[in-house]
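# Geometric and topological summary
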Amino acid sequence: MTADTGRWIRNFVDGRFIEPDENHSFDNIDPATGLVHASVHEADATLVDRAMTAARRALGPWSATPVRERTAVLRRAADLVEERFEEFVSAESADTGKPVSLARELDVARAIANFRTFADVVAAAGQESFLTDLPGGHHALNYAVRKPLGVVAVIVPWNLPLLLLTWKVAPALACGNAVVVKPSEETPGTATLLAEVLADAGLPAGLYNVVHGFGGGSAGEHLTTHPGIDGVTFTGSSATGAHVMRTVAPRVRPVSFELGGKNAAIVFDDADLEETLTGLTRSVFANTGQVCLCTERVYVQRSVFADIADGLVERAHTLRLGSPLDEATTTGPLISQKHREKVRGYFELAERSGAKILTGGGVPDMGAELAGGSWIEPTLWTGLTNKDRVVREEIFGPVAALIPFDTEEEAIALANDTDYGLAASVWTRDLRRGHRVAQAMNVGMAWVNTWFLRDLRSPFGGVGLSGIGREGGESSLHFYTEPTNVCVHL
Ligand code: NAD
């Protein structure tokens, strides 16, 4: 099966690619050059309804399929992505502008791991059961039967398109659900390639559908307002999450939300300087700062503030911006001109708020070939406080504010002084303090002396504006299934 019709990225409904419609399409732009590299067929409400109908029809037989057969499809999908590895790398890099080296190391590798991990997790899952004592020496047996949630709407953003998509699709399918997927309008490529892979892996028609388009008034809204959805799993901004929540509220559908972050790092004066600088450089600048887990607030104990600031500036200067196809490139552009305008707005606001710019703060000269891309300079500020908007709002770019602190209590209070609660990292050689401070963070994930190190069986998610619920390992099973408890009087 193949999706490639030259310049079209097509919708995938009920096991086949849909003929595109010239009158309902939008451009897919390469963020590195600003050039159009494909046309995307925008799904209208009728096509979304067809996808929902196909999913509903396919759901019954799939949920009755033995777990070992369902997980075998996931394992074959992992093998097929591995076989087509470089094709996925190229598609992801073309859509996002990220360096091919990063797409290889992170995005495509994690997609394969997602399929394999959730095949293992679902294959090994048991059921809860309780033997209940009753008066008179009688007993009752309670056991829970996990059933699929049903037809699940999967809505994902543009920053890690394939990674975040497979993180949801793999457990959903393994648990016996059908999915209708709405990738970001910026990055439709790999979700479409995945349709080929899943079909080739033997997934029956109707279980994985892809509808392309935007949010409001387009495929996103057609999907979330559809009366047939049994649940929504969404990764994206907190504002869109709140909107989707209102949309599904009248039908009381479960939601799983992985939303924005304004993540803190806390650096104590006993931290290993080199290890900390390496970790901070990744956590501030990885994927051009466009990872929900990226650090945008760095709290540094005053006695090492200058060392950390100087070291981080030095590391920022070693980042290599350039063509995503160049193996030596470490840092790509932002996703779009629109997003760059937003990030530049925060650059201006930081200056107006009295920030001292240690490095960056502008738009780099990338030469004629890349002049149309949405490039931005890696940027570091001092001189700001938790009161400033740029320290409170998610920027989602390669930028961080460095703020000094004196005591452990002060550091914890500063890090927790936020409406978000996704991730934090703590840097210290004192392991007791590392545990203590990590546990005190009001976040879903806290790291000690590392960042973005993930075991896919552990829970992932956030508190506050950063989300609702957890996914990963058992937590995914809880979202993608509904238990029916059976009580038998013995
Ligand atoms: P976004 O909220 O603008 O869009 C996310 C998805 O929702 C896209 O597919 C979009 O088309 C769709 N959408 C938009 N409006 C909609 C509507 N009214 N109805 C239905 N769907 C709609 O987010 P983005 O700009 O694509 O992604 C960046 C955001 O995602 C950042 O805030 C980032 O922190 C967050 N994010 C969070 C995580 C996490 O795991 N917590 C991971 C990655 C990204």
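In this text, all values refer to a predicted model and were calculated from it rather than measured experimentally.

On to the pattern of salt bridges. When charged atoms on two side chains of opposite charge get close, those side chains can pair. Applying the stated criterion to the full structure yields 26 salt bridges. A salt bridge links Glu327 to Arg104; its shortest N-O distance comes to 2.9 Å. Here the residue Glu327 occupies a position in the loop between helix H10 (305-318) and helix H11 (337-352), and Arg104 occupies one in helix H4 (residues 100-124), the gap between them amounting to 223 residues. Residue Arg104 is classed as partly exposed on the basis of its relative accessible area of 24%. The closest approach of N and O atoms between Lys182 and Glu185, which form a salt bridge, is 3.4 Å.

On to the site of the ligand, then. As a matter of local geometry, the ligand sits amid 30 residues, with Lys182, Glu185, Thr240, Leu259 and Glu394 nearest to it. The separation between an oxygen atom of the ligand and a polar side-chain atom of Glu185 is 2.7 Å. When isolated, the ligand has an accessible area of 850 Å², and the protein chains bury 90% of it. At the level of elements, helix H7 (219-224), strand E11 (231-235) and helix H8 (238-248) are the ones that each hand at least two residues to the shell around the ligand. Of the residues that constitute the shell around the ligand, the class distribution is 13 nonpolar, 12 polar and five charged. If you count residues domain by domain, the shell around the ligand takes at least three from each of domain 1 (8-259 + 465-489) and domain 2 (263-454).

Attention now goes to the pairing of strand E6 (residues 129-134). Among the six residues in E6, zero count as buried, and that is only a small part of the element. As paired strands, E6 and strand E7 (residues 138-148) are joined by six bridges and run antiparallel to one another. The residue bridging Asp133 from the neighbouring strand is His139, located in E7.

What follows covers the sheet that holds strand E15 (residues 356-359). If you walk across this open sheet you meet the seven strands as E15-E16-E17-E14-E13-E18-E19, and the pairing is mixed. Edge strands, defined here as strands with exactly one partner in the open sheet, are E15 and strand E19 (445-448). Going across the sheet, the axis of each strand differs from the next one's by a mean of 25°, ignoring polarity. Here strand E14 (residues 295-301) runs beside strand E17 (residues 399-405); their pairing, made up of five bridges, is parallel. Paired with Gln301 across the two strands is Phe405, which belongs to E17. Those strands touched by helix H13 (residues 408-416) are strand E13 (263-267), E14 and E17, and its axis lies near 150° from that of E17.

Another aspect to go through is unusual backbone geometry. Even without a glycine there, the phi angle at Thr288 is positive, about 55°. Here Thr288 shows up in the loop between helix H9 (273-285) and E14. We classify Thr288 as buried; its relative accessible area is 3%. A positive phi angle, near 60°, is found at Asn449, a position not held by glycine. With respect to the element layout, Asn449 can be found in the loop between E19 and strand E20 (460-461).

The next thing to look at is helix H6 (residues 189-200). Here H6 contains 12 residues, and its C-alpha end-to-end distance of 17 Å stays within 8% of the 16 Å for a straight helix at 1.5 Å per residue. Most of H6 is tucked away: 10 of the 12 residues are buried. Buried residues of H6: Gly189, Thr190, Ala191, Thr192, Leu193, Leu194, Ala195, Glu196, Val197 and Leu198, and no others.

Helix H5 (residues 161-174) packs onto helix H2 (residues 67-83) with a crossing angle of 155° between their chain directions and a minimal axis gap of 9 Å. Regarding the angle of H2 to H5, the classification is roughly antiparallel. Facing H2, whose interface residues are Arg70, Thr71 and Leu74, H5 presents Ala170, Leu173 and Ala174. In terms of residue class, the contact of H2 with H5 is built from four nonpolar, one polar and one charged.

So, on to the confidence of the model for the protein. Scored by pLDDT, the protein has a mean of 97; 99% of the residues are at 70 or more. Contacts of residues 1-5 to residues separated by more than four positions or lying in other chains number 17 contacts, the stretch itself having pLDDT below 50.

The next thing to look at is the packing of aromatic side chains. Scanning all chains against the criterion turns up 10 aromatic pairs. Ring centres of Trp158 and Phe396 lie 5.4 Å apart, and the angle between their planes is 70°; on these two criteria the pair is classed as edge-to-face. Note that Trp158 is positioned in the loop between strand E8 (151-155) and H5 and Phe396 in the loop between helix H12 (389-392) and E17, a separation of 238 residues in sequence. With a relative accessible area of 17%, Trp158 lands in the buried category. A centroid spacing of 5.2 Å and a plane angle of 70° characterise the contact between Trp451 and Phe452, whose relative ring orientation is edge-to-face. Exposure remark for Trp451: the relative accessible area of 3% places this residue in the buried category.

Each assigned domain of the protein is listed here: domain 1 (8-259 + 465-489) and domain 2 (263-454). Distance from the C-alpha centre of domain 1 to the C-alpha centre of domain 2: 30 Å. Residue-level contacts link 27 residues of domain 1 with 30 residues of domain 2. Buried surface at the junction of domain 1 and domain 2, both sides included, amounts to about 2,200 Å², of which 59% is carbon and sulfur. The interface formed by domain 1 and domain 2 includes one salt bridge. Counting the contacts that link domain 1 with domain 2 gives 10 residue pairs in polar contact (both at pLDDT 80 or more). Broken down by element, the side of domain 1 that touches domain 2 gets its largest block of residues, six residues, from H4. The class makeup of the residues in the side of domain 1 that touches domain 2 is 11 nonpolar, 10 polar and six charged.

So, about the sheet that holds strand E1 (residues 8-9). A sheet is described by the order of its strands in space; here three strands give the open sequence E1-E5-E4, paired in mixed fashion. In the strand order of this sheet, the two ends are held by E1 and strand E4 (25-29), each with one partner. Two strands pair when backbone bridges link them, and E1 and strand E5 (residues 36-41) are joined in this way by two bridges, in the parallel orientation. Its bridge partner lying in E5, Ile9 is registered against Val40.

Cut-offs applied
Residues numbered from 1 in each chain as written. Predicted model: local features only at pLDDT ≥ 70, side-chain atom pairs only at ≥ 80, totals over all residues. Heavy atoms only, no water. Salt bridge = Lys/Arg side-chain N within 4 Å of Asp/Glu carboxyl O. Helix = DSSP H or I, 4+ residues; strand = E, 2+ residues; numbered from the N terminus. Buried < 20%, exposed > 50% of the residue type's maximum accessible area, 1.4 Å probe, protein only. Near = heavy atom within 4 Å. Polar contact = N/O pair within 3.5 Å; in protein donor to acceptor, adjacent residues only side chain to side chain. Areas by Shrake-Rupley, 256 points an atom, 1.4 Å probe, with all protein chains shown as cover. Nonpolar A, V, L, I, M, F, W, Y, C, P; charged D, E, K, R; others polar. Domains from an automatic or database assignment. Pairing = 2+ DSSP bridges. Axes fitted to C-alpha atoms, helices over the stretch in contact; angles between N-to-C directions. Contact = heavy atoms within 4.5 Å. Expected span 1.5 Å × (residues − 1). Parallel < 35°, antiparallel > 145°, perpendicular 65-115°, else oblique. pLDDT = per-residue confidence, 0-100. Phe/Tyr/Trp six-rings, centres within 6.5 Å; stacked < 30°, edge-to-face > 60°. Buried area = accessible area lost by both parts, 1.4 Å probe.

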